[in-house]
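Letter by letter, the chains look like this.
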Amino acid sequence: MAINTPFNAATAAYSNASRLINQAAKPNTDLTALANPPGKGNNFAEILAQQVQGVVDAGKASDAMAVDMVNGKANIVDMVTALSETEMAIESMVTVRDRVISAYEEIMRMPI
């Protein structure tokens, strides 16, 4: 007989959220379409700004979900899912930042 504790419930919720994230379909946003809009040249700064705003919005949503959880208005699975989505978005942005810095350093090492 399993003992149902908050830790077990949180572990089960996290594993369910992880399974759902792994099974998730590709994002609805087609980044290739954003990169080459018809009649307009590439604008990396605009795409980057949109993605950063998406990370900020995800953070705000997870903060609101955490407050709702504390107040007893939210489901733990929803909160864990929101936190996981925010964590993945932040890790993606950090990876992009690291690659941009690496590319800049590589360019700076090139002989003129």
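This write-up is about the structure you can find in this document. Treat the numbers as computed from the prediction; the structure is a model and nothing was measured. (Residues numbered from 1 in each chain as written. Predicted model: local features only at pLDDT ≥ 70, side-chain atom pairs only at ≥ 80, totals over all residues. Heavy atoms only, no water.)

## So, the overall build of the protein
And step 1. Along the protein, the regular secondary structure elements total 4 helices and 0 strands.
And step 2. Each helix and strand of the protein, placed in order from N terminus to C terminus, yields the pattern α-α-α-α.
And step 3. Out of the 112 residues in the protein, the part that is buried amounts to 12%.
And step 4. For the protein, the proportion of contacts with a sequence separation of at least 24, taken over those separated by at least 6, is 51%.
And step 5. Here the protein has roughly 8900 Å² of accessible surface; of this, 62% comes from carbon and sulfur atoms. (Helix = DSSP H or I, 4+ residues; strand = E, 2+ residues; numbered from the N terminus. Buried < 20%, exposed > 50% of the residue type's maximum accessible area, 1.4 Å probe, protein only. Contact = heavy atoms within 4.5 Å. Areas by Shrake-Rupley, 256 points an atom, 1.4 Å probe, with all protein chains shown as cover.)

## Brief notes about the pattern of salt bridges
And step 1. Under the counting rule described, the total for this entry stands at 2 salt bridges.
And step 2. With a shortest N-O distance of 2.7 Å, arginine 97 and aspartate 98 are connected by a salt bridge.
And step 3. Taking relative accessible area as the criterion, arginine 97 reaches 46% and is therefore assigned partly exposed.
And step 4. For aspartate 98, a relative accessible area of 37% gives the class partly exposed.
And step 5. A salt bridge links glutamate 106 to arginine 109, with the nearest nitrogen and oxygen atoms 2.8 Å apart. Linking glutamate 106 with arginine 109, this pair stays in helix α4 (residues 76–109), spanning 3 residues, or about one helical turn. (Salt bridge = Lys/Arg side-chain N within 4 Å of Asp/Glu carboxyl O.)

## Let's talk about the packing of helix α3 (residues 44–70) against α4
And step 1. With their axes 9 Å apart at the nearest point, α3 and α4 run at an angle of 155° to one another. In terms of orientation, α3 and α4 fall into the roughly antiparallel class. Our pair here, α3 against α4, has a crossing hand that is left-handed. Contact with α3, carried on its side by Leu48, Gln51, Val52, Val55, Ala58, Gly59, Ser62, Met65, Ala66 and Met69, involves Ile76, Asp78, Met79, Ala82, Leu83, Thr86, Ala89, Ile90, Met93 and Val96 of α4 and no other residues of that element. (Axes fitted to C-alpha atoms, helices over the stretch in contact; angles between N-to-C directions. Parallel < 35°, antiparallel > 145°, perpendicular 65-115°, else oblique. Left-handed = near helix turned anticlockwise from the far one by under 90°.)

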